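# Secondary and tertiary structure notes
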Amino acid sequence: MAVEYSWPSKEKATQIGKRHTRLDGLEKSTGAAKYTYDINLKNQLIARALGCPHAHCKIKSIDTTAAQAVKGVVHIEPLRKVDDEIEWQGEMILVVAAESEAAAAEGCEKVKIEYEMLPSFTSEEDIAAAKAAKRTIKGGGKAVTVKEPGDDDDEDEFVTKEIERLLKEAAYTVDGYYGIDAITHSCLEPHGSTVEWQGNKLMVHLSTQNVSGTDEGFAKDLNITSDDVEVHCDFIGGGFGSKFAPDYWGIAAARISKATGRPVKFMLTRAQEQQLGGNRPSGYMKVKLGANKDGIITVWDSEHWGSAGAIPGGVSHTVVPYVFTPPNYRRLQTNLKTNTAQSRAWRAPNHPQASAMTQTAIDDLAAKMQANSLDVFLKNLGTDEKPLISGAKPSVYKAEIELAAKLMDWNAKWHPHGKGDKKGSIVEGLGMALHTWGGGANSSNCLLKIYPDGGVETTCGTQDLGVGTRTVLAVVLAETFGLTPDKIKVNIGSSRMPVSGPSGGSTTVGGICESHRRAGQDAFASIAELVGKKLGVDPTKLEAVGGRVQVIGDASKGVSWKEACTLIGMRPLEVNGSYKSGVDSPLSSKQVGGVQMAHVAIDRDTGIIKMRKFVAVQDIGLVVCRQQAESQVYGAVIMGIAAALFEQRITDPKTGSFVNAELSNYKLARLGDIGEVVVEFYEPESERSRGVIGIGEPPAISPIAAISNAVCNALGVRVPVVPLTPQRVLAALKAKA
């Protein structure tokens, strides 16, 4: 019978949207879960890489004689050669494979390399120095004005004069500087793999966000075909956008394994993870904005710069100003080439930096007006008919702001910037920010089996980044068949399984829900046909609920799930589920909005900031697993707090060295730094009916701007660049004094 794909209503849903214990929670909490780092194969070699100690140099000579003589060293794999130019510290030069980790490390120490030092540049915030060093490259830009130039006008000259006029006529203006330093991904499980050749077949245990896609990467670089490679990953200890590819160290491991005929385990050291594993580009901005007497922004003029590493790039100008779209604006992007490792996708690429650099300016507008920041944000939303924003609808943001304000008790706590009560040297403040994200479903395929004894098993080449993928799949199928999630067997984590998209951009849950709900509904339609014949009823009038297949609303006319499955026959019923990204569907959608508010306390004498409370209100369409979805938001907020207050990649301006490339020096938030976090989903039927939309990226966007604005509200002075370290807080106070 024809199947119309849909989700059950809120009233009828028995599993969807409920709170569920994570199916793999016990494995993870007891240490039984095996991550790539835990994989050890018989007779394996341990690989350790020698990284370049300099940020910019040329290799003059390499002598591995002493390294080869180290007891236990089996193989040395060169990655770079004499005369190669190295453009960032940590870049791997060679790999030593040995019988033990200690022997591999000693082998690296014994290698003698001569370098020719070259000038380095890592001062990402210093645009003047970058220009003087010829390290800047145009990154694009755009200008829009309500009034258009005449046919004889020079367009650039017209825009400049028009923006000057609009700023002059504005009731309020802000002339500000804002910035955000580069941070690293800091994956708890470093990048790496354990590889083994089984004849001409390569088995790879890889810490990856892309189980179905990395086999191609290995095959291409090793001159074999993808069917000769199997990539396996049951659990991953952090990726955040940095683990989509095999990486050259994964290829090196495979080559060493081929050369030695032995399995090879090659995981990055902690310092290498910080240096090479991935980082988020920096961004710094000068902006002038003008607003009318009501605080509605009429003109925006900004120039921003930053670095994505040795290959120029940075925060895209297309997200400036962030979410808000004034009628007149000019934005200019400049990219810097620095001697730092190349950036990688970091949760919601471009958005956290754009939010931090631009929504702080909007808060400064509120401060200039001595107005409530919440009112200024609200006024600049526009209406659904005439939006002044992009992304989610103004009505969604308005409702979310009102909900967040209630949860924060904003109206009772808020005070004009710098005019709150003081308790000794302690002052408190509130700040807010808002964000948007796509989150549309990725492509996904699955193979669903219904066994004659009632067993349900699904196989899908997706991965679990720690977000509860297994639980989500089980809940979707349990809902479809009227079972409980523990009755569903979920197989994921191998490139041999049906192809599913990489986990990036908050696309995984949407994709796997699509493929599995489709497969589930198709399978149930087949079973309903059989049960309908047995009962003599219309199969379209049957439902699966409470472990039974029965006439809708009539438990007396039906059979148990197990009895229904016996009608399948001797062999399992196999159904393929498939969804292609971008296809309109009633099961998933895209584009969400969220609002976040921060309450902070600051010691003006020490510059130390403490989080009091953080509220995150988020639209995600249909909530599949409430507890896991909330966990996503908690995790994102904690990452945002760390980025706002602690995280920064610090380099020596003279040598270019990454000086805090160890977790002992690279500060992250601890439990006591987080404060109270309140998570609330905005889920009226208008949003729920849109279907599943990804949640991983969006709540990681706004925390930095919200916290920066709260600090400004408390102090009455902007600390322009994050992280908001005590030194920067004290410097900002001193500059104001």
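Residues numbered from 1 in each chain as written. Predicted model: local features only at pLDDT ≥ 70, side-chain atom pairs only at ≥ 80, totals over all residues. Heavy atoms only, no water.

## A word on the overall build of the chain
Each helix and strand in the chain was counted, giving 19 helices and 30 strands. For 737 residues, the compact-globule formula gives about 27 Å, and the C-alpha radius of gyration of the chain, at 28 Å, lands near that figure. On the principal axes, the C-alpha backbone points of the chain span a range of 85 × 70 × 65 Å. In the chain, which comprises 737 residues, the proportion classed as buried is 58%. A fraction of 79% describes how many contacts in the chain between residues 6 or more apart in sequence connect residues 24 or more apart. Of the roughly 29500 Å² of accessible surface on the chain, a fraction of 51% belongs to carbon and sulfur atoms. For the chain, the separation between the mean place of its 83 positive charges and that of its 86 negative charges on side chains is 3 Å. (Helix = DSSP H or I, 4+ residues; strand = E, 2+ residues; numbered from the N terminus. Rg over C-alpha atoms; globule rule 2.2 N^0.38 Å. Buried < 20%, exposed > 50% of the residue type's maximum accessible area, 1.4 Å probe, protein only. Contact = heavy atoms within 4.5 Å. Areas by Shrake-Rupley, 256 points an atom, 1.4 Å probe, with all protein chains shown as cover. Lys, Arg positive; Asp, Glu negative; His and termini not counted. Charge placed at Lys NZ, Arg CZ, Asp CG, Glu CD.)

## Structural notes on a negative patch on the surface
A cluster of acidic residues, Asp151, Asp152, Asp153, Asp154, Glu155 and Asp156, forms a negative patch at the surface. Its location among the elements puts Asp156 in helix H5 (residues 155-169). By relative accessible area, which is 60% here, Asp156 ends up exposed. (Patch = residues over 30% accessible without salt bridge, like charges linked within 9 Å, V, L, I, M, F, W, Y side chains within 5 Å. Salt bridge = Lys/Arg side-chain N within 4 Å of Asp/Glu carboxyl O.)

## Observations regarding the pattern of salt bridges
Pairing of side chains with opposite charge becomes possible as their charged atoms draw close. Evaluation of the coordinates by the stated rule reveals 31 salt bridges. Close ionic contact of Arg80 with Glu91 constitutes a salt bridge, the shortest N to O distance being 3.0 Å. Of this pair, Arg80 sits in the loop between strand S3 (73-78) and strand S4 (85-86) while Glu91 is found in the loop between S4 and strand S5 (92-98), placing the two residues 11 residues apart along the sequence. Here Arg80 falls in the partly exposed class, since its relative accessible area comes to 22%. Relative accessible area serves as the criterion here: at 9%, Glu91 is assigned to the buried category. Residues Lys337 and Glu87 are paired through a salt bridge, measuring 2.9 Å at the closest nitrogen-oxygen approach.

## Some remarks on the packing of aromatic side chains
With the rule as written, the count across this model stands at six aromatic pairs. Here Tyr35 and Phe235 contribute two aromatic rings whose centre-to-centre distance is 5.6 Å and whose plane-to-plane angle is 40 degrees, an arrangement assigned as tilted. Of this pair, Tyr35 sits in the loop between helix H1 (25-30) and strand S1 (45-51) while Phe235 sits in the loop between strand S12 (229-232) and helix H7 (247-260); the two residues are 200 residues apart in sequence, bridging distant segments of the chain. In this structure Phe235 comes out as buried when scored by relative accessible area, which is 4%. For the pair Phe324 and Phe377, a centre-to-centre distance of 5.9 Å together with 65 degrees between the ring planes defines the contact as edge-to-face. (Phe/Tyr/Trp six-rings, centres within 6.5 Å; stacked < 30°, edge-to-face > 60°.)

## Focus on the side chain of Arg688
Tracing the chain through its elements places Arg688 in helix H17 (residues 685-688). The side chain of Arg688 is buried and forms no salt bridge, while Glu685, the nearest opposite charge, is found at 4.4 Å. From its side chain, Arg688 meets the backbone oxygen of Pro8 in a polar contact 3.2 Å long. For Arg688, the contacting residues outside a window of four places in its chain are Pro8, Ser9, Lys10, Ala13, Ile16, Gly621, Leu622 and Glu683. (Polar contact = N/O pair within 3.5 Å; in protein donor to acceptor, adjacent residues only side chain to side chain.)

## A word on the state of the cysteines
Enumeration according to the criterion identifies zero disulfides in this entry. Cys233 forms no disulfide, and the closest cysteine sulfur to it belongs to Cys187, at a distance of 12 Å. On the accessibility criterion, Cys233 (2% relative accessible area) is buried. (Disulfide = S-S within 2.5 Å.)

## Details of helix H19 (residues 726-736)
Turning to H19, its buried residues are Val729, Ala732 and Leu733. Angularly, the buried residues of H19 cover 95 degrees about the axis, an arc narrow enough to put them on a single face. Among the exposed residues of H19, those pointing more than 90 degrees away from its buried face are Gln727, Lys734 and Ala735. Each element contacted by the buried residues of H19 is listed here: strand S27 (592-603), strand S28 (609-618) and helix H18 (703-715). (Arc of directions from axis to C-beta.)

## As for unusual backbone geometry
With an omega dihedral of -15 degrees, the bond running from Val320 to Pro321 counts as a cis peptide bond. Residue placement: Pro321 occurs in the loop between strand S16 (297-307) and strand S17 (328-336). Here the phi dihedral of Asn43 falls at roughly 70 degrees; this positive angle occurs in a residue that is not glycine. Positionally, Asn43 belongs in the loop between H1 and S1. By relative accessible area, Asn43 is classed as partly exposed at 48%.

## Quick look at the sheet that holds strand S2 (residues 57-63)
The strands making up a sheet associate through backbone hydrogen bonding, with each pair oriented either parallel or antiparallel. What the three strands build is an open sheet, ordered S4-S2-S6; its pairing is antiparallel. In this open sheet, the two strands that pair with only one neighbour each are S4 and strand S6 (112-117). One ladder, built from two bridges, connects S2 with S4; its direction is antiparallel. Pairing of Lys58 across the sheet is with Glu85, part of S4. (Pairing = 2+ DSSP bridges.)

## Examining the packing of helix H9 (residues 351-369) against H18
Relative to each other, H9 and H18 sit at 30 degrees, their axes nearing to 8 Å. Between H9 and H18, the angle is such that the two are roughly parallel. For the element pair H9 and H18, the recorded crossing hand is right-handed. Counted together, Pro352, Ser355, Ala356, Gln359, Thr360, Asp363 and Asp364 of H9 and Ile704, Ala705, Ser708, Asn709 and Cys712 of H18 form the full contact between these two elements. Taken together, the residues of the contact of H9 with H18 break down into five nonpolar, five polar and two charged. (Axes fitted to C-alpha atoms, helices over the stretch in contact; angles between N-to-C directions. Parallel < 35°, antiparallel > 145°, perpendicular 65-115°, else oblique. Left-handed = near helix turned anticlockwise from the far one by under 90°. Nonpolar A, V, L, I, M, F, W, Y, C, P; charged D, E, K, R; others polar.)

## A few points about H18
With 13 residues, H18 extends 18 Å between its outermost C-alpha atoms, agreeing within 8% with the 18 Å of an ideal straight helix rising 1.5 Å per residue. Burial within H18 is extensive, with 13 of its 13 residues counted as buried. Downstream of H18 by a residue or two, Gly716 has a phi angle that is positive, lying close to 80 degrees. (Expected span 1.5 Å × (residues − 1).)

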